[in-house]
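# Chains, contacts and geometry: an overview
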There are 4 protein chains.
Amino acid sequence: MTTAPKERVLLAYSGGLDTSCILAWLIDQGFEVLCYMANIGQEEDFEAAREKALKIGATKVFIEDLRKEFVEDLVWASVKANCLYEGVYYLGTSLARPVICRKQIEIAKAEGCQYVSHGCTGKGNDQVRFELGYYALHPGIKVIAPWRDPTFYERFPGRPALLEYAASKNIPVFQTAAKPWSTDENLYHISFEAGILEDPSVTPPKDMWKLTVDPEDAPNEPERIAIHFKNGIPVKVENKTDGQTVKTDALELFLYLNQLGRKHGVGRIDIVENRFIGIKSRGCYETPGGTILRHAHVDLEGLTLDREVRRLRDQYSQRLAEIIYNGLWYSAEREFIMASVDQSQGPVNGVVNVKLYKGNVIIEGRTSPSSLYDSKIASMDEAGGFNPSDSEGFIKIQSIRLKAYMAQKTGLQAGEF
Amino acid sequence: MTTAPKERVLLAYSGGLDTSCILAWLIDQGFEVLCYMANIGQEEDFEAAREKALKIGATKVFIEDLRKEFVEDLVWASVKANCLYEGVYYLGTSLARPVICRKQIEIAKAEGCQYVSHGCTGKGNDQVRFELGYYALHPGIKVIAPWRDPTFYERFPGRPALLEYAASKNIPVFQTAAKPWSTDENLYHISFEAGILEDPSVTPPKDMWKLTVDPEDAPNEPERIAIHFKNGIPVKVENKTDGQTVKTDALELFLYLNQLGRKHGVGRIDIVENRFIGIKSRGCYETPGGTILRHAHVDLEGLTLDREVRRLRDQYSQRLAEIIYNGLWYSAEREFIMASVDQSQGPVNGVVNVKLYKGNVIIEGRTSPSSLYDSKIASMDEAGGFNPSDSEGFIKIQSIRLKAYMAQKTGLQAGEF
Amino acid sequence: MTTAPKERVLLAYSGGLDTSCILAWLIDQGFEVLCYMANIGQEEDFEAAREKALKIGATKVFIEDLRKEFVEDLVWASVKANCLYEGVYYLGTSLARPVICRKQIEIAKAEGCQYVSHGCTGKGNDQVRFELGYYALHPGIKVIAPWRDPTFYERFPGRPALLEYAASKNIPVFQTAAKPWSTDENLYHISFEAGILEDPSVTPPKDMWKLTVDPEDAPNEPERIAIHFKNGIPVKVENKTDGQTVKTDALELFLYLNQLGRKHGVGRIDIVENRFIGIKSRGCYETPGGTILRHAHVDLEGLTLDREVRRLRDQYSQRLAEIIYNGLWYSAEREFIMASVDQSQGPVNGVVNVKLYKGNVIIEGRTSPSSLYDSKIASMDEAGGFNPSDSEGFIKIQSIRLKAYMAQKTGLQAGEF
Amino acid sequence: MTTAPKERVLLAYSGGLDTSCILAWLIDQGFEVLCYMANIGQEEDFEAAREKALKIGATKVFIEDLRKEFVEDLVWASVKANCLYEGVYYLGTSLARPVICRKQIEIAKAEGCQYVSHGCTGKGNDQVRFELGYYALHPGIKVIAPWRDPTFYERFPGRPALLEYAASKNIPVFQTAAKPWSTDENLYHISFEAGILEDPSVTPPKDMWKLTVDPEDAPNEPERIAIHFKNGIPVKVENKTDGQTVKTDALELFLYLNQLGRKHGVGRIDIVENRFIGIKSRGCYETPGGTILRHAHVDLEGLTLDREVRRLRDQYSQRLAEIIYNGLWYSAEREFIMASVDQSQGPVNGVVNVKLYKGNVIIEGRTSPSSLYDSKIASMDEAGGFNPSDSEGFIKIQSIRLKAYMAQKTGLQAGEF
C-alpha cells in the first residue's frame, strides 16, 4: 500500500526558539519541511543552525549567501534614490526582505514546495513584506504563517509554552538571558523594538546599541575618507587618514563603511514610525555605512543634478521609501519610479570628502567631472557672461502674478494701489 | 521760484561699504534718501550705523527690532512644516526676508516714498526675495537695485572704486581686513558664500565658522533638555542638566536654543544649492537653534501625526521650502499650503527629550497628551484587541493587484502559474 | 425567570430581496433588528419598504431624508475640489456613503444598538466605505456583514436560495424580471455594474441608461444657462433660454441641473476602474448635474484661481478623489486636504455661461468680480504696463539651467559651444 | 579692399506681414537673412511664401516637412502621458515648438548662422518656447526678437506702420479683411486668441471655428471606429461604420482621426489659462484628432495599467504638461519624466471602440491582450478564488488608524469608546 507523498514546506529558518518550534510543529502537522537561511550579513552561526534544523527533522537546509546581491540590487537602489522612510528611517529591514523572498521562492520552485512559511508575528511589517514578495513572485504559492494561525498561537501563548514544547522535542535552547527587546540584523542595519522600548518615553539603555560605539566613546580624532561615485553608486572608498586603505568591490566597500561608521558612532536613530498596518511603533536603529553613504550621495547630487530633476526625484523618493517599507518592491509602481531614478543618476559622478567624528558625518568638499556648477557664473566677483539686467526682467515677470493676486485679495485693481 | 520736492527712496541700509556708497550715490542722483535697518538678530552696532547714515546724508533712519515677529511669524511657520530646502538647508536667509520687506514697505508707505532700494547683487536670491515681497505688498512701488543698474555697476566695477568714492564722500570705512567670503547673519542662522568658497572642493577654514564651536572643541559632557510643543510650536525649554533653566517666551526660548546649539557645535552644513535664477552656488550655514528644533519637532510628529497626514504634509513641505527660498512668501500658494499645515498641527503637543553632544542632536524619548501611539496595540507581547487573522486578509487583498501585474508581465493568466 | 434583552442591530435596509432576507436572518440569529433607510434621492417607495420591514419583523424603521446634507456637505465639497477618480469617475456612490453612515451611527447610538449591518458584497468598495465610516465615527461599534459571513453566504449561494427563504418567511418579492446588471442610485448619479457589463468589451445596451436620455435622442435645440458661484459653490442657476427659471436653494438648484442634464444627455461614462481592494471593475455611470457643475467650476477657476494654487489644488484633488473613493471621508487626511481646498475657494466667485446640447457642456463665457484676468496686461495690442524687455530677462534666466544641463550632457563646457 | 562678411540670421518665417517686415528690417540692419518655414500641417501656400521671402531679399529659404516627426516624437509622447495643461488644454501649440526649434537650430548650424530670429510677441508663451529650445540645443546661439526690441517695436507701433513699411519695401500684402483674433495652426490643433476674444465673457462667434464643424451641424448619424494601441501608441484605426477604411501609418492615421473629429464636431474648448510669464489669457482651441485619441488612450489604461502606476503617472503627467507648455521640452526634467512614462506604456496594448457623434467621443468597449482585468475575480456572481473574509481583515486593518485618530480628536482613549 502506497501513501501520498507529504506536502512540502520551505521554512525561513533562523535557528532561534520560535522558528525551531515552528519547524517541529510543521512536521507534526504532517508536512515535509525544508529549511532556508539567508545570509544577509547578520551575526549568526549558520552551521550550528543547520545542524539544529536537521536534528529537529528538516529534510534539507539551504544556507544562501545573499550579501552581494543585497548590496548591489537593493542597497544601491536606495542610495541612488536617497530613500528615507518618514524622513528618518533608512529601511534596513525592508530592504533585506526582497532579496530573502526571491531566493526562498527560487528554492521553493526548484524543490517542488507547495508552501512557504515564516516566523513573523501578526502585527508587524515583515509578514506583509515577505508574503507580498512571495505572492508577487509566485502567485500560486501557499503561505503558512503560524503566528497568525490560532491552532499555533493559542497553543503557544508565550515563551514558557514554546520552551516546554522545545524540551519535549529535544530542541536545544542555547539561550543566554533574553534581552528585553527584539532585534533584526543584517549588513545594512540592526533594529531594536518591543520589550522595554514599547514605552516611547524610555531612553534606550547604553548597552542595547550593538553596531556602533556610543558617540561619547568614539575616537577623539576624526577620520577622513573620500567616496567616489559613478552613476549614483559608490565605486571606491579611500581612507585619507591612514593614506592607504582603498576599497572598490561593492560588498567590501560597504562593509568598510560600516566598520568606519561603527568606530565613529555614526547612524543611530530612535523613532516612532507608522507601520503599514496602521499601527504606530517605536524602533531604534543603527545604520552606520548607510548613513555615511546617504550624506555623501545627497551632497554630490547638489553638484551634479539639475534642480528640477532633484525636486521631482525627491517627491518620488518619498513614495519609493513607502513602497519599500510596505513590502511592495516587486510591484509595477517600484519599476515605474526606478525607471526615472535610474535615468537621473547618469551625471552623479565624482568624489565627496567626508570627515567622521563622534556621530557626525561632515562633508568637507566635493568634485565632479559632470558638475553643473559653473564658478564663473556663480561668482559674485565676476560678470561671468551674465547680464544683471536679465534678473530684473526675471523678477518683474515673476511679480505679475503676485500683484494680480494681491489686487484680487484687496479688492482693488492693480492700478489703484 | 519753487522747485518740485525730491522723490523719496527708502533704502535698506546695513552700515557697510556697499550700502553707504549706494546711499551717497542715490543722493547724487537727486533723491531724498531715508534709511532703514531691520534688527533681525544680527551682530551689529545699530547706533553707529545710524550716525553714519545721517552723516552721509540720510534724512531719516529707521531701526526696527523685528526679532520677535521674525521668530513668531516666520521661524515658527518653518518649524511647523519642517521646512528644509533641497533636503539640507534651513532657509535662514530666506525666512528673514519677508519680515524685513514687510516693515520696509510699511515705512515707505507711511513716509510717502515712491521708491525702495537695496544693496543686493544681480546674481543672487536676495534681490528676488526682496523685490517680490515689495511688489506683492505694494504693487505700485518702484525699486532701485543699483547693482543691476549699469550706471552704478559700471562706475563701481570693484572694491577699490567703492573705497575711492567713499573717501571722496567722507564716508568712514571701519574695516578690518576683509574676510575671503561674505556672510549674512540673523538670529536664525549665518551664511557664508563667495570668495574662497566658490570652489566647491575647498574645505571651509576652521576660523570661518562663527555661530557654533567646532564639534571637536565642544564640551566632552553632553547636556540634556526637554522641549515642550503646543500645536506644533515650542512653548517651553527646560535644561535637565542644570536642573533649573526654563524659557517660555518665544524669542528668549529660541535664543536659548541658539546658545545651547552654539556651545555643542550643532547645526553646521556645507552644500551646493540651486538658486532661483538657475545657478548652482555653494554655501555654508550655521543654524544652531533651528537644527535642534527641527529634530525635536519631527520626532514629536512621529508620535502624534496621522500617517497619511504626515505624508501629505511632507510633500507640501518640500514645496513650501521652495516657495520660501524663492521669495514667494507673500503669495497665494504659500497661503494655500499653510492652511493645511496649520490644520495638521493641532495634535502636535508634548515633550521631547533631547541630548546635545558635539554636533549631535540625540532624541532620548518623547511623550504627548495627544499621542496616536497605543502601546497595547503596538505590543508584540499582547493581543491588544487585535486579531492576527485580520492581517492575513489585509495581505491577501494587497496581493491581488501584484498577482495580476505579474501575470500581465509574464503573459500568463493567474490561474496558469 | 427573566431573560437577557436581545442585542440590537441597526440594518441599512433597501426594501429589496437581499436586505429583506438579511433582516429575517438576523432575527433568526436572535437579534432585535431596527431598519434604517436613507433618502439620498434614489427612486424608491420608502413607505412600502417601511411596511415590508415591519412585516418581516423589524421593531423600528427609520427613514431619513438626507438629500440636503448630501448636497451641501458632500457634493459641494467635491465641486470645490473638482474631484474625479482616475480622471473620469464623478464619485457618485462614494460621496453618498459618508452621509448614510453618519446618520446610521447617530441612530445606532441613540437606539442603543451594539451592531450595525449592511447588505454589501465582499468584493466591492461599499463594504469598505460603510465600515470605515462606522469605525471612524464609533470605534466601539460591531459590524455584521452577512455577505462576508460563511454561515450566511454558504446558506444562500444564489438567488434561488434567497427566493426560497423569502417565500418561507412570507417576504413579498415584487420583482419584475431582474435586469442583467446591478445599480446604485442617488440624486448625484446612478451606477451600473455586474452582469453583462462584466465583459469590458460589451457596449452597454441603450435601455440600460436611466438618468439621461441618449444624446442621439436629446433635443435638437441647445439650451443655455448661467451658473453663479460664490466661494466655489453654486448659488444660483438661471435658464437663459426660457428666460425665467431661477434656482437658488442648494437642493433645488442641484435637482434642476440634473433635470437639464438628463434632458440633454449629459454625463454618461463607461470605464474600467480600480477598486480599493485591488480589483479592476467595469462600471457605467450617469451624473448629469454633477457633470455640468464640474465643467462650469473648472472654467471659473481659470479666471479666478492663481496658477500655482491651481496646480497644488489639482494634486490635492487627485488625492482627495482617492480618499473619497476608498471610503476615508472621516479621516485626518481628508480634513488636511479640505483645509487648503476651502482656503483656495475664496475668490472663486462669478458667473459661467453654459450651453447644453446633445451630451455636450459648452462654456460660452464667464465673468467674475474677483477675476485675476487683466485684459490690459493680457492684450496683444496694448503695452499694458508691461515692458517686453522684461520677458527677455526672464527667458535668459530660465535658459541658464538648460544650458548647463546640455553642457553636462555633451561633456563640454558652456564656453566651448 | 575687402569687407567683413555679413552676420547671418536664420529667421522663422511665416509669409505674413509681421515676419516679412522683420525680414526686410533685418536686412536693413545689415544682416544676411535666411528664411525657414516648418510644415507642421498648417494650411499654407509654402511656395508662394518662398517666392515672397526671396523677393524681399532672403538669400535662402528652407521649407521643411516636419509633420511626421511632429506626430511621432511629440504628439505620441503627449498621448502616452495623457497630457492636458490645467486639465483642459491639449497643448497643440506647445507641442509643435520643439520640432520647429530643432530643425531651425540644425539649419542654423549647418549654414553658419550666428543668429536666429522669430516674430513672437513679448507677452506670449511662444517667445519663451522658441528661445528656451534654441538655447538648450545651441547654448552659443544669439536670438533676435524684434517685438521685444524697442528699435523695432517703437518704429512699428501698430499695423499701419507695418503696412507702410511693407509698401516702401514692395512687400506684397495679400490680405483679406483681417480677422478680429489671431490664430496658430498645425496638424494637431488651431488656437484662437486676442482681439475680440480678450474679453473672457464674449462667446466666440460661430464662424471663428475652423478645424471642426459646429456640433449642431454635425451629422445626425454617429460613426464608429476602433483604435488599436501598442505600447501606448496608436497603430491602427479602423472605420467600423464604413467597414473598410483602415489606417496604420502614424501620420495618415492621425490625419484620418482629424478628419473624423472635424466632421463630428469633436475637440473645441474655450478657456482662460495661465501663461508661463504669469499672465492669464483667454484662448479657444480645436484639437479634433487629439481629443479622440486621448479619450481612447485613457480608457485603455483603465484596463491595462496598474492602479498605483496610474496614480503616479497622472502626477507626472500634470507636471509634464507644465514642462511642455512652458517650453522646457529640451530639459533634464522632461527626460526624467519620460523615462517613467515610457516604462509604463509596455502593457498599454489593445483596441478601443469609439463612437463619434456631435461633439461626443463615446467609449463603447475595449479589449486587451495584456489586460489586468480578471472577470472571475471582478464578478459579483462568482467566488473567483477570492475569500470574502479577506476583505474583513483588510477593512479592520484599515480602520486601526482611523480609530486612533478619532480617539485623539475626541481626547479619549480607544478603549474608552
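Residues numbered from 1 in each chain as written. Chains lettered and ligands numbered in written order. Predicted model: local features only at pLDDT ≥ 70, side-chain atom pairs only at ≥ 80, totals over all residues. Heavy atoms only, no water.

By the naming in an unreviewed UniProt entry, chain A is Argininosuccinate synthase, taken from Rhizophlyctis rosea. Checking UniProt for chain A, the heading Subunit (unreviewed entry) contains the comment "Homotetramer." For chain A, the Sequence similarities (unreviewed entry) comment in UniProt is given as "Belongs to the argininosuccinate synthase family. Type 1 subfamily." (UniProt positions renumbered as here; feature names shortened; annotations may be inferred.)

Right, let's talk about the interface of chain D and chain C for a bit. Reports of interface size often rely on the accessible area that becomes lost once the parts have come together. Contacts between chain D and chain C engage 101 residues on the former and 101 residues on the latter. Between chain D and chain C the total buried area reaches about 8800 Å² when both faces are included, carbon and sulfur atoms providing 57% of it. If you look at where chain D meets chain C, you find 16 salt bridges. Between C:D270 and D:R366 there is a salt bridge, with the nearest N and O atoms lying 3.2 Å from each other. Remark: the boundary between chain D and chain C carries 40 residue pairs in polar contact (both at pLDDT 80 or more). (Contact = heavy atoms within 4.5 Å. Buried area = accessible area lost by both parts, 1.4 Å probe. Salt bridge = Lys/Arg side-chain N within 4 Å of Asp/Glu carboxyl O. Polar contact = N/O pair within 3.5 Å; in protein donor to acceptor, adjacent residues only side chain to side chain.)

On to the relation of the copies chain D and chain C, then. Mapping chain D onto chain C leaves a residual RMSD of 0.0 Å; the transformation is a rotation of 180° accompanied by 0.0 Å of translation along its axis. With respect to symmetry, the two chain copies, as superposed, fit the operation of a two-fold axis. Both copies share a contact surface, since 100% of the interface residues of chain D are interface residues in chain C too. (Least-squares fit on C-alpha atoms with pLDDT ≥ 70 in both.)

Turning our eyes to something else, we now look at the sheet that holds strand β2 (residues 32–39) of chain A. All names here are of chain A. Across the sheet, which stays open at both edges, the five strands sit in the order β3-β2-β1-β4-β5 with parallel pairing between neighbours. The sheet is open, and its two borders are formed by β3 (60–65) and β5 (142–144), each paired with just one other strand. Averaged over all pairs of adjacent strands, the angle between their axes in this sheet comes to 25°, without regard to strand direction. Pairing between strand β1 (residues 8–12) and β2: five bridges, direction parallel. What sits directly across from L11, in β2, is C35. (Pairing = 2+ DSSP bridges. Helix = DSSP H or I, 4+ residues; strand = E, 2+ residues; numbered from the N terminus. Axes fitted to C-alpha atoms, helices over the stretch in contact; angles between N-to-C directions.)

Note on placement: A:E308 falls in helix α10 (residues 307–325). A:E308 gets classed as buried once you look at its relative accessible area, which sits at 11%. Not counting residues within four places of it along the chain, the set of residues in contact with A:E308 comprises C:R401, D:R319 and D:E333. (Buried < 20%, exposed > 50% of the residue type's maximum accessible area, 1.4 Å probe, protein only.)

Tracing the sequence through the fold places C:T287 in the loop between β12 (280–286) and α9 (288–304). Residue contacts for C:T287: discarding those within four places in its chain leaves C:Y90, C:Y188, C:H189, C:V266 and C:G267.

Before going further, it helps to examine the interface of chain A and chain C. With 21 residues of chain A at the contact, the number on the chain C side is 21 residues. Among the residues chain A hides against chain C, the three largest losses belong to A:I397, A:R401 and A:Q408. Together they make up 29% of the total. Across the contact surface, chain A and chain C share two salt bridges. The partner of A:R401 in a salt bridge is C:D306, and the shortest N-O contact between them spans 2.8 Å. Seen at the junction of chain A and chain C, the total is six residue pairs in polar contact (both at pLDDT 80 or more). Counting residues per element, the ones that place at least two in the side of chain A that touches chain C are α10 and α13 (388–410) of chain A. Per-class residue counts for the side of chain A that touches chain C are eight nonpolar, seven polar and six charged. (Nonpolar A, V, L, I, M, F, W, Y, C, P; charged D, E, K, R; others polar.)

Moving on, we come to unusual backbone geometry. Even without being a glycine, A:L91 presents a positive backbone phi close to 70°. The backbone of C:N231 shows a phi angle near 50°, a positive value even though the residue is not glycine. Its place among the elements puts C:N231 in the loop between β8 (223–230) and β9 (233–239). Judged by its relative accessible area of 34%, C:N231 falls in the partly exposed class.

Looking now at the relation of the copies chain A and chain C. Relative to chain C, chain A is turned by 180° and slid 0.0 Å along the rotation axis, the superposed coordinates differing by an RMSD of 0.0 Å. When you check the interface residues of chain A against chain C, 100% turn up at the interface there too, and the contact is symmetric in its surfaces.

Okay, the packing of aromatic side chains next. How two aromatic rings sit relative to each other is given by the distance of their centres and the angle of their planes. This structure, assessed with the given rule, holds 60 aromatic pairs over all chains. Residues C:F192 and C:W209 carry aromatic rings whose centres are separated by 5.9 Å and whose planes lie at 75° to one another, so their mutual orientation is edge-to-face. Of this pair, C:F192 sits in strand β7 (residues 190–193) while C:W209 sits in the loop between β7 and β8; the two residues are 17 residues apart in sequence, bridging distant segments of the chain. The exposure classification of C:F192 matches that of C:W209, with both residues buried. Taken together through their ring pairs, the aromatic side chains of A:W25, A:W147, A:F152, A:F156 and A:Y165 make up a single cluster. Here the basic side chain of C:K403 rests over the ring of D:Y135, its NZ or CZ set 4.5 Å away from the ring centre. (Phe/Tyr/Trp six-rings, centres within 6.5 Å; stacked < 30°, edge-to-face > 60°. Lys NZ or Arg CZ within 6 Å of the ring centre and 35° of its normal.)

Per the UniProt record, the feature "domain: Arginosuccinate synthase-like N-terminal" (unreviewed entry) sits at residues 8–172 of chain A. When the span residues 8–172 of chain A is considered, its composition is 50% helix and 15% strand, and the gap between its end C-alpha atoms is 24 Å.

Residue and element names in this part refer to chain A. Looking at the assigned domains, one finds that chain A contains domain 1 (8–176), domain 2 (183–305 + 347–367) and domain 3 (381–410). One C-alpha centre belongs to domain 1, the other to domain 2; they are set 27 Å apart. Each side of the interface is counted separately: domain 1 has 32 residues, and domain 2 has 37 residues. In total, about 2900 Å² of surface goes out of reach between domain 1 and domain 2, with carbon and sulfur atoms giving 63% of it. On the domain 1 side of the contact with domain 2, W76, N82 and Y90 bury the most area, a combined 24% of that side's loss. Linking domain 1 with domain 2 are two salt bridges. In this structure, the salt-bridge partner of E43 is K210, at a minimum N-O distance of 3.0 Å. At the boundary of domain 1 with domain 2, the tally comes to 14 residue pairs in polar contact (both at pLDDT 80 or more). Broken down by secondary-structure element, the contributors of at least two residues to the side of domain 1 that touches domain 2 are α3 (67–81), α4 (92–110) and α5 (126–137). For the side of domain 1 that touches domain 2, a count of residues per class yields 16 nonpolar, eight polar and eight charged. (Domains from an automatic or database assignment.)

Taking 1.5 Å of rise per residue, the twelve residues of α5(A) would be expected to cover 16 Å, and the 16 Å separating its terminal C-alpha atoms lies within 8% of that figure. With eleven of its twelve residues buried, α5(A) lies for the most part within the structure. Listing the buried residues of α5(A) in full gives A:D126, A:Q127, A:V128, A:R129, A:F130, A:E131, A:L132, A:G133, A:Y134, A:Y135 and A:A136. Considering only its buried residues, α5(A) is in contact with α4, β4 (115–117), β5 and α10 of chain A together with α13 (388–410) of chain B. (Expected span 1.5 Å × (residues − 1).)

It is worth spelling out the environment of D:R294 at this point. Residue and element names in this part refer to chain D. Along the polypeptide, R294 turns up in helix α9 (residues 288–304). Judged by relative accessible area, which is 24%, R294 ranks as partly exposed. Distance in space between the C-alpha atoms of R294 and I196 is 30 Å, their sequence separation being 98 residues. Residue contacts for R294: discarding those within four places in its chain leaves N82, C83, L84 and Y90.

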